[in-house]
Amino acid sequence: MWRRRLLQALGRLPALAVRGRPLGPGGGRAYAPPAERKRFYQNVSISQGEGGFEINLDHRKLKTPQAKLFTVPSEALAIAVATEWDSQKDTIKFYTMHLTTLCNTALDNPTQRNKVQLIRAAVKFLETDTLCYRVEEPAALAELQKKEWDPIVAWAEKRYNVAIGSSTSIMGPNIPASTRDTFISHLASYNMWALQGIEYVITQLKSLILSMGLIDRHITVEKAVLLSRLEEEYQIQRWGNVEWAHDYDLCELRARAAAGTLFVHLCSESSTVKHKLLQD
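Residues numbered from 1 in each chain as written. Predicted model: local features only at pLDDT ≥ 70, side-chain atom pairs only at ≥ 80, totals over all residues. Heavy atoms only, no water.

- The protein carries the name ATP synthase mitochondrial F1 complex assembly factor 2 in an unreviewed UniProt entry, which gives Phasianus colchicus as its organism.
- In its Subunit (unreviewed entry) section, the UniProt record describing the protein reads: "Interacts with ATP5F1B; involved in the assembly of the F1 component of the mitochondrial ATP synthase (ATPase). Interacts with FMC1."
- Of the comments in the UniProt record for the protein, the one headed Sequence similarities (unreviewed entry) reads "Belongs to the ATP12 family." (UniProt positions renumbered as here; feature names shortened; annotations may be inferred.)

### Some remarks on the pattern of salt bridges
Part 1 of the reasoning: Tallying each qualifying case throughout the model produces nine salt bridges.
Part 2 of the reasoning: Residue Arg113 is joined to Glu199 by a salt bridge in which the shortest nitrogen-to-oxygen separation is 2.8 Å. Taken together, the positions of Arg113 in the loop between helix H3 (98-108) and helix H4 (115-124) and Glu199 in helix H7 (residues 192-205) put the pair 86 residues apart, joining distant regions of the chain. The two residues Arg113 and Glu199 agree in class, both being buried.
Part 3 of the reasoning: Several salt bridges share partner residues, and in doing so they unite Arg134, Lys146 and Asp150 into one network. (Salt bridge = Lys/Arg side-chain N within 4 Å of Asp/Glu carboxyl O. Helix = DSSP H or I, 4+ residues; strand = E, 2+ residues; numbered from the N terminus. Buried < 20%, exposed > 50% of the residue type's maximum accessible area, 1.4 Å probe, protein only.)

### Focus: the environment of Glu36
Part 1 of the reasoning: Residue placement: Glu36 occurs in strand S3 (residues 36-38).
Part 2 of the reasoning: Overall, the relative accessible area of 43% leaves Glu36 in the partly exposed class.
Part 3 of the reasoning: On a C-alpha basis, the gap between Glu36 and Thr96 in space is 9.8 Å, while along the polypeptide they are 60 residues apart.
Part 4 of the reasoning: Those residues in contact with Glu36 that sit more than four places away from it in its chain are Thr91, Ile92, Lys93, Phe94 and Tyr95.
Part 5 of the reasoning: Only 3.2 Å separates the side chain of Glu36 from the side chain of Tyr95, close enough to count as a polar contact. (Contact = heavy atoms within 4.5 Å. Polar contact = N/O pair within 3.5 Å; in protein donor to acceptor, adjacent residues only side chain to side chain.)

### Notes on the packing of helix H5 (residues 139-160) against helix H8 (residues 208-215)
Axes are the key here: two packed helices are described by the angle between their axes and the distance separating the axes.
Part 1 of the reasoning: Close contact between H5 and H8 brings their axes to 10 Å; oriented N to C, the two are set at 70°. Relative to H8, the element H5 lies roughly perpendicular. Here H5 and H8 pass one another in a crossing that is left-handed. For the pair formed by H5 and H8, the contact residues are Ile152, Val153, Trp155, Ala156 and Tyr160 on the first element and Ile209, Leu210, Met212 and Gly213 on the second.
Part 2 of the reasoning: Across the contact of H5 with H8, the residue classes break down as eight nonpolar, one polar and no charged. (Axes fitted to C-alpha atoms, helices over the stretch in contact; angles between N-to-C directions. Parallel < 35°, antiparallel > 145°, perpendicular 65-115°, else oblique. Left-handed = near helix turned anticlockwise from the far one by under 90°. Nonpolar A, V, L, I, M, F, W, Y, C, P; charged D, E, K, R; others polar.)

Structure below.
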C-alpha cells in the first residue's frame, strides 16, 4: 500500500481528481454529470437508425452531453443502456449508470484520442501494474501476494506468450519491449468502443493483467476486485475497517468493473437480439 501511495506522489499513477472533479483516462476531464435528477419520462424503448441503435425516452431521442445523438453499435448494448434508464425510479441517479457514461465517453471522446493513443495508454499501465509490485515485509503479506498474484501473472505470461515478472524494487520489474508490443498488437484487435471499456476497467483495477484476465473470462469480477485490493484487504483483516465505507467502496468497485467488462463484450457483439422487449 505504501508503495502505491509513493508512486502516486511521484506522479506515476493517474490523478483521481483536479479541483474536486474526476479526471478521465489520459488526464483529460471526465464527464461529471449531475448526481441526481427528477425522472422526466415514462417509457424507454430502442430503435434502429442509420448510425446504429438509439434510445428513446418517451418520444425524445437520448443525446450525449455534447448534444450528439446517442447511438450505439449493437442492439445488445442498446438494450443494456435502455435497461439502466428504465430501472431508474422517481429520481435518475446518474452515478449508477455506468454503461450510459461509457457510451457518452465513446461518442463524445472528450479527450480527443485516437485508437493508437488509447492502446498505448492502456499498455502503459504495465509500468505500475498492481500485481507487479511486491513487498518484502510483512512476511505474511509477501506470502499472500505470492500465493494470490503469481498464478494470474503466470496465466497472462502463458496466454500471451510474454514475460512480465514482479519486483520488490520501487522501480518495479523491467517489462520487455516485446511484451508491450504483444499487448499493443492484441488490443489493436478491439474496436474504439471496446478499447474505451478496456481502459476503464484497467483504471478501476489499476492492473492490465487483472483486466485482461477478467475480459478473457479467466477470473470473475469478484475475484478480480479482491486481487486488486489484496493489500487493503490484508490491512483491514489486521486492523479493522470503517464498516459502511469499506462495504460501499467494495460494491462500487465491483459495479464499475462489471459494467466495464460487460461494455467491452457488448461493443464487440455484432449479432442482433430477436424480439427483445424492455417491458412485458
